[in-house]
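# Chain and residue survey
The residues making up each chain are set out below.
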Amino acid sequence: MKITKVKLGRISVPLRTPFKTALRTVSSVEDVIVELHTDTGAIGYGEAPPTGAVTGHTTGAILGALEDHLAKTVRGREVTDLEPLLQDVQRCVHGNSSAKAAVDMAIWDLYGQNYGIPVHKLLGSGRNQLITDITISVNDPETMASDAISAVSRGYDCLKMKVGVDPLLDVARLKAVRTAVGNHITIRIDANQAWTPKEAVRILNQMQEQGLDIELVEQPVKAADLEGLKYVTDRSYVPVLADEAVFSPEDAMTILKTRAADLLNIKLMKCGGIYNALKIASAAEVYGVECMIGCMLEAKIAVNAAVHLACAKNIITKIDLDGPVLCREDPILGGSVFDEKIITVSDDPGLGIRGIEDGRITYLWETT
């Protein structure tokens with residue numbers, strides 16, 4: 001199976017409600033789609049969201065990396081030459097892990113299709129269903145409590161609360177939510193780098209002292225502040241999950257060696273796809289550190305790839321793959337089924353994506 005053509009497009013999918021964090025507010029998913037066409041007629045699908053506030057990757061940067069470097073690297077290559085092909089995807093351009101992730105997952109999709117095997121089974125699948133949390137945007141305490149009640153009524157029993165906008169309100173936000181949903185609901189929080197180390201310790205310990213029972217806190221301090229991250233990890237009553245601090249396998253090893261965090265968050269857009277995500281998971285297995293699998297604001301193609309990875313790796317114990325259920329509609333055909341908190345992986349070959357609804361993708365460029 002040889003890659004003969006690369007096509008790039010964009011899709012737009014409205015969200016149910018605006019997505020608000022300490023870093024940004026978004027009302028729709030606006031993602032770049034990659035199609036790898038082959039001489040057998042098979043198509044591999046990939047996706048990359050422009051998440052400049054987190055990854056630094058804008059739409060223009062993603063498209064530029066794909067057109068100028070990645071498309072040239074993969075065109076004409078044999079899919080079955082998997083390891084060298086995936087290595088070259090990582091090496092052909094500096095940075096832009098989102099663009100690399102889109103091509104990486106499309107290659108895995110084709111590889112599985114070539115052998116008639118779903119990717120999660122190629123990776124050593126141990127399960128076929130996942131239970132995800134759902135994200136509650138940062139707002140005033142009353143609105144967050146109301147949104148939490150709505151999520152619980154839809155069947156969710158694990159809520160990820162965004163915090164960090166006006167840190168003085170954060171304890172009040174979590175108190176309102178815990179009062180609204182009761183003690184049987186798991187609550188984890190994501191500060192998106194909003195606090196200083198000392199501020200984080202004070203806020204987190206205050207939350208626990210008030211009986212709010214927070215499962216974990218995601219990236220409480222600036223991504224580059226590993227010393228500050230370790231400061232919080234060593235002093236907080238709440239376990240610390242490194243997110244924006246972990247882009248590469250090398251980042252993961254640094255945090256694992258120094259014990260700067262209690263857990264790691266793997267996101268395909270940060271690490272460049274399944275190839276590097278497997279390395280992070282393997283390192284975490286060696287150190288006995290559990291991982292979360294997360295996503296940006298992505299439609300189903302990219303999140304579906306993360307589902308296949310998570311089903312194959314037992315070290316991934318926490319699931320934050322709610323991107324598709326945050327969307328008002330799903331224009332992607334095939335792939336995993338997202339039924340509120342229950343995600344069922346597809347057993348179709350590759351990643352199981354059959355295409356995109358007619359009229360939903362705007363094609364921008366293709367190799368000639």
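What counts and what doesn't
Residues numbered from 1 in each chain as written. Predicted model: local features only at pLDDT ≥ 70, side-chain atom pairs only at ≥ 80, totals over all residues. Heavy atoms only, no water. Helix = DSSP H or I, 4+ residues; strand = E, 2+ residues; numbered from the N terminus. Buried < 20%, exposed > 50% of the residue type's maximum accessible area, 1.4 Å probe, protein only. Contact = heavy atoms within 4.5 Å. Areas by Shrake-Rupley, 256 points an atom, 1.4 Å probe, with all protein chains shown as cover. Lys, Arg positive; Asp, Glu negative; His and termini not counted. Charge placed at Lys NZ, Arg CZ, Asp CG, Glu CD. Pairing = 2+ DSSP bridges. Axes fitted to C-alpha atoms, helices over the stretch in contact; angles between N-to-C directions. Expected span 1.5 Å × (residues − 1). Arc of directions from axis to C-beta.

## Remarks on the overall build of the chain
Helices and strands together make up the secondary structure of the chain, namely 13 helices and 17 strands. Expressed as lengths along the three principal axes of its C-alpha atoms, the size of the chain is roughly 60 × 40 × 40 Å. When each of the 368 residues of the chain is scored for burial, the buried share is 59%. Put simply, of all contacts in the chain between residues at least 6 apart along the chain, 74% involve residues at least 24 apart. If you sum the accessible surface of the chain, you get close to 13,600 Å²; carbon and sulfur atoms cover 48% of it. For the chain, the separation between the mean place of its 38 positive charges and that of its 48 negative charges on side chains is 2 Å.

## Overview of the sheet that holds strand β12 (residues 316–320)
Sheet architecture is open: eight strands sit in the order β5-β6-β7-β8-β9-β10-β11-β12, paired in parallel fashion. Unpaired on one side and paired on the other, β5 (134–136) and β12 mark the two borders of the sheet. Strand-to-strand twist in this sheet, taken as the mean axis angle between neighbours without regard to direction, amounts to 30°. Sheet topology places β5 next to strand β6 (residues 158–162); three bridges connect them, and they run parallel. Considered in β6, the bridge of Ile134 is made with Leu159. Here helix α11 (residues 274–287) sits on the sheet and contacts β10 (263–266) and β11 (291–294); the angle it forms with β10, its principal contact strand, is near 165°.

## Some details on helix α6 (residues 170–181)
Two residues of an α-helix separated by three or four positions point the same way, owing to the 3.6 residues in each turn. Taking 1.5 Å per residue as the helical rise, α6 with its twelve residues ought to reach 16 Å, and the 17 Å between its terminal C-alpha atoms agrees with that figure. Within the sequence span of α6, burial applies to Asp170, Val171, Arg173, Leu174, Val177, Arg178 and Val181. On an axial view of α6, the arc spanned by its buried residues comes to 160°, and they lie on one face. On its buried side, α6 packs onto α5 (141–153), β6, β7 (186–190), α7 (197–209) and β8 (214–218). Downstream of α6 by a residue or two, Gly182 has a phi angle that is positive, lying close to 85°.

Keep in mind that these numbers describe shape and distance, not what the molecule does.
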